[in-house]
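Structure assessment
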Amino acid sequence: MSNPYYDAITAMEKAGVDPEYINGWASGYMLNPKREEQRLTPAYDAGYEKGLAKDAKGFESWVKK
């Protein structure tokens, strides 16, 4: 049985996505509150917004080089 949350996280990790993006995506997906302001990063914010929308696509631009 497929699990969209697990599948998305696994795909992001295998692709080498910035961990901050993954953390943000997971938090948004689970409807957790955002981190406190001083700990926010652009990658976290982008992931959080995608997670809120349950959108597992478009993370390619956050692959660490």
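Structure report, in brief. Here the structure is a predicted model, which means the values were calculated and not measured.

What to know about the nonpolar core
The biggest cluster of nonpolar side chains holds 11 residues, and these are A8, I9, M12, V17, Y21, I22, W25, A26, Y29, A43 and F59. Of all the secondary structure elements, the ones that give two or more residues to this core are α1 (4-15) and α2 (19-29). The element best represented in this core is α2, accounting for 5 residues. Setting aside residues no more than four positions away along its own chain, I22 makes contact with I9, M12, E13 and V17.

Here's the deal with the pattern of salt bridges
Here the structure, examined in full by the defined rule, presents 5 salt bridges. A salt bridge links K34 to E49, with the shortest nitrogen-to-oxygen separation between them at 3.7 Å. You can see K34 sitting in the loop between α2 and α3 (42-52) and its partner E49 sitting in helix α3, a full 15 residues away along the chain. Among the ionic contacts, a cluster of salt bridges with common partners joins K34, D45 and E49.

Reading the values: rules and limits
- Residues numbered from 1 in each chain as written.
- Predicted model: local features only at pLDDT ≥ 70, side-chain atom pairs only at ≥ 80, totals over all residues.
- Heavy atoms only, no water.
- Core = buried A, V, L, I, M, F, W, Y, C linked by side-chain atoms within 4.5 Å.
- Buried < 20%, exposed > 50% of the residue type's maximum accessible area, 1.4 Å probe, protein only.
- Helix = DSSP H or I, 4+ residues; strand = E, 2+ residues; numbered from the N terminus.
- Contact = heavy atoms within 4.5 Å.
- Salt bridge = Lys/Arg side-chain N within 4 Å of Asp/Glu carboxyl O.

Nothing here speaks to function; it is geometry throughout.
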